[in-house]
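Architecture and fold: a report
Residues per chain, in single letters:
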Amino acid sequence: MNREADRDLWLEQAMTRWEVPLLRTCYLFLKDVALAEDAVQETFVKAWRAYDTYRGDASEKTWLMRIAVNTCRDLWRSKWFVHIDRKANLDGLPEPAVAFEPPDDIVTRAILSLPDGQRQIITLRYYQGFTAQEIAGVMKISRRTVHYRLEKAERTLKHGLEEWYYDR
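Let me sum up the structure you'll find in this document. (Residues numbered from 1 in each chain as written. Predicted model: local features only at pLDDT ≥ 70, side-chain atom pairs only at ≥ 80, totals over all residues. Heavy atoms only, no water.)

The next thing to look at is the overall build of the chain. Each helix and strand in the chain was counted, giving eight helices and zero strands. For the chain, the sequential pattern of α-helices and β-strands runs α-α-α-α-α-α-α-α. The buried share of the chain, taken over its 168 residues, is 35%. Of the roughly 11,500 Å² of accessible surface on the chain, 52% is carried by carbon and sulfur atoms. (Helix = DSSP H or I, 4+ residues; strand = E, 2+ residues; numbered from the N terminus. Buried < 20%, exposed > 50% of the residue type's maximum accessible area, 1.4 Å probe, protein only. Areas by Shrake-Rupley, 256 points an atom, 1.4 Å probe, with all protein chains shown as cover.)

Take the environment of Ile135 next. For Ile135, the location among the structural elements is in helix α7 (residues 132-139). Owing to a relative accessible area of 0%, Ile135 belongs among the buried residues under this scheme. For Ile135 and Arg66, which are 69 residues apart along the polypeptide, the C-alpha to C-alpha distance reads 9.0 Å. Setting aside chain neighbours within four positions, we find Ile135 in contact with Ile121, Leu124, Arg125, Phe130, Lys140 and Val146. (Contact = heavy atoms within 4.5 Å.)

Within the structure shown, the criterion is met by three salt bridges. Measuring nitrogen to oxygen at the nearest pair gives 2.8 Å for the salt bridge that ties Arg17 to Glu60. Of this pair, Arg17 sits in helix α1 (residues 2-30) while Glu60 sits in helix α3 (residues 60-77), and the two are 43 residues apart along the sequence. The shortest N-O distance in the salt bridge between Asp74 and Lys46 comes to 3.6 Å. Residue Asp74 is located in helix α3, and its partner Lys46 is located in helix α2 (residues 33-49); the two are separated by 28 residues in the primary sequence. The exposure class assigned to Lys46 is partly exposed, which follows from its relative accessible area of 26%. (Salt bridge = Lys/Arg side-chain N within 4 Å of Asp/Glu carboxyl O.)

Contact geometry for α3 and helix α6 (residues 116-127): axes closest at 13 Å, N-to-C directions at 155 degrees. Taken together, α3 and α6 sit at an angle that is classed as roughly antiparallel. For the element pair α3 and α6, the recorded crossing hand is right-handed. Taken together, the residues of α6 that come into contact with α3 (itself represented by Met65, Arg73 and Trp76) are Asp116, Arg119, Gln120 and Leu124. Looking at side-chain class alone, the contact of α3 with α6 contains three nonpolar, one polar and three charged residues. (Axes fitted to C-alpha atoms, helices over the stretch in contact; angles between N-to-C directions. Parallel < 35°, antiparallel > 145°, perpendicular 65-115°, else oblique. Left-handed = near helix turned anticlockwise from the far one by under 90°. Nonpolar A, V, L, I, M, F, W, Y, C, P; charged D, E, K, R; others polar.)

Turning next to α7. Think of an α-helix as 3.6 residues a turn; residues three or four steps apart then line up on the same face. Within the sequence span of α7, burial applies to Ala132, Ile135, Ala136, Val138 and Met139. Projected onto a plane normal to the axis of α7, the buried residues spread over an arc of 165 degrees and lie on a single side. Of the residues flanking the end of α7, it is Lys140, one or two places downstream, whose phi is positive at about 60 degrees. (Arc of directions from axis to C-beta.)

Here we come to the environment of Val107. Structurally, Val107 can be placed in helix α5 (residues 106-112). With 57 residues separating them in the primary sequence, Val107 and Trp164 have C-alpha atoms 8.9 Å apart. Look past the residues within four positions of Val107 in its chain and what remains in contact with it is Leu161 and Trp164.

What follows covers the nonpolar core. Of all hydrophobic cores here, the largest spans 39 residues; its most connected members are Leu22, Phe44 and Leu64. Elements with a contribution of two residues or more to this core: α1, α2, α3, α5, α6, α7 and α8 (143-167). Residue contacts for Leu64: discarding those within four places in its chain leaves Trp10, Ala14, Trp18, Leu22, Thr43, Phe44 and Ala47. (Core = buried A, V, L, I, M, F, W, Y, C linked by side-chain atoms within 4.5 Å.)

Within the structure shown, the criterion is met by zero disulfides. Note on Cys26: no disulfide assigned, nearest cysteine sulfur contributed by Cys72 at a separation of 3.6 Å. Residue class for Cys72 comes out buried when judged on its relative accessible area of 1%. (Disulfide = S-S within 2.5 Å.)

So, in structure tokens, the structure goes:
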């Protein structure tokens, strides 16, 4: 019984610490808030089930990110995700009481427009602060591939955001 209580306490603490970073990462992988929330929930369920097998070879954050990335990949591969129309019909929404001022989301849109591999690397590096070695472990690719994708994504972003940066 004590082991189960330890696992439940760990889950509660892990959710407090890592829910927001995991949600951000899953959103940038899946480009859909509801799917990202589902992926985070599934990540915590998988981690809770695997709690007894966690050896501590990687940090808790790295371990959870690996589970989250794999969960996002599973969603991509599912037939449901491939065939669903994720475009919302905004015509049926009521008019807002207060005028909406959209945030400056140019950088986020630029990151979301990157190819999947580059977007994932940028997300883990700059949004989560992972090192190249940690990213390689999470994504199960070589460190050299991480550096290559990171450099390519940075070049693409620099070129695409240069005008935006100087207009500020």
